Amino acid sequence: MLAMNDAAQAPCVLIVDDDPEIRAGLVEVFQRAGFAAHSAGDVPSMEKALAAKGADLIVLDLMMPGEDGLSACKRLSGKGGPPIIMLSALGDDADRIVGLEIGADDYLPKPCNPRELVARARAVLRRGRDTDRASADAVRFAGFRMDIARRELIDPDDVVIPLSAGEFRLLRAFVERPQRVLSREQLLDFAFDNDGDVFDRAVDVQVSRLRRKLERPGAPEIIRTVRGEGYLFAVKPSA
């Protein structure tokens, strides 16, 4: 659920962490940076805060009592919820890949530089605004329909396929450049603005997630891997 902010209002960030000192510190950091910010200490409190106040962005801790951040992130991204930056004391590449794979838009290890976190938040929100300004035309390919304005993907059976913000940007990059090989570096530029610490393996993870959502029994492969070069969107979209 997004906060109902117009252009004159500050974007709203929801901090979700079981440590009250971290919550208070990050709320202060974002407020000083010009954001509106509120917080929650666990996933049930996060759900209540979203219902009451909404959020344009969630900063979500991985390790929490009860339902953890990974489970909450997967559920929210599957419902088309607000973009998510995940924070975790588990900071190696494998943990980052897991976070991105289940739908996080960015991932930072703890402790993180507050200025970097704010910069990442601005980048994630900027990408969302760029997508929202896109044309309202629907794009069709292989029986699917992609509604750019609504950020929806509808399959050939007229079922909406949930996409995370990263998956939507990646699919848009492909449909705008069909039937040509795109390198990982190009996809980083087109879909992720090459912001922060997004890396080649993260592109592979997002492509794998998107490819699974486009698979249909007996249908030709839509996204092909071109060994040593990158990926190819193999079908030609139409209006």
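Above this text is the structure in question.
The following paragraphs examine the structure supplied in this document. Keep in mind the model is a prediction, meaning the values are calculated, not measured.

Cut-offs and rules
- Residues numbered from 1 in each chain as written.
- Predicted model: local features only at pLDDT ≥ 70, side-chain atom pairs only at ≥ 80, totals over all residues.
- Heavy atoms only, no water.
- Pairing = 2+ DSSP bridges.
- Helix = DSSP H or I, 4+ residues; strand = E, 2+ residues; numbered from the N terminus.
- Axes fitted to C-alpha atoms, helices over the stretch in contact; angles between N-to-C directions.
- Contact = heavy atoms within 4.5 Å.
- Phe/Tyr/Trp six-rings, centres within 6.5 Å; stacked < 30°, edge-to-face > 60°.
- Buried < 20%, exposed > 50% of the residue type's maximum accessible area, 1.4 Å probe, protein only.

## Let's talk about the pairing of strand 11 (residues 223-226)
When a strand is regular, its side chains alternate between the sheet's two faces. When strand 11 meets strand 12 (residues 230-233), the two strands line up antiparallel, connected through 4 bridges. Across the sheet, isoleucine 223 pairs through a bridge with phenylalanine 233, a residue of strand 12.

## Focus on the sheet that holds strand 4 (residues 84-88)
Taken in spatial order, the 5 strands make up an open sheet running 2-1-3-4-5, and their pairing is parallel. What marks the edges here is a single partner per strand, and that holds for strand 2 (36-40) and strand 5 (106-109). Taking each pair of neighbouring strands and ignoring which way they run, the sheet shows an average axis angle of 20 degrees. Both strand 4 and strand 5 contribute to a ladder of 4 bridges, which runs parallel. Opposite isoleucine 85, over in strand 5, you have aspartate 106 as the bridge partner. Contacts between helix 1 (residues 20-32) and the sheet are confined to strand 1 (12-16), strand 2, strand 3 (57-61) and strand 4, with strand 2 contributing the most and set at about 170 degrees to the helix.

## Topic: the packing of aromatic side chains
One pass over the structure, following the stated rule, counts 4 aromatic pairs. A ring pair is formed by phenylalanine 141 and phenylalanine 144, whose centres lie 5.6 Å apart and whose planes are at 20 degrees; its orientation type is stacked. Taken as a pair, phenylalanine 141 and phenylalanine 144 share a single burial class, namely buried. For phenylalanine 141, a relative accessible area of 2% gives the class buried. Following the ring pairs from residue to residue traces out a cluster consisting of Phe141, Phe144, Phe174 and Phe233.

## Here's the deal with the sheet that holds strand 12
Taken together, the 3 strands give an open sheet; going across it, the order is 10-12-11, and neighbouring strands pair in antiparallel fashion. Two strands in the sheet have a free side with no partner beyond their single neighbour: strand 10 (181-182) and strand 11. Lying on the sheet, helix 6 (residues 165-175) is in contact with strand 10, strand 11 and strand 12; it crosses strand 12 at an angle near 70 degrees.

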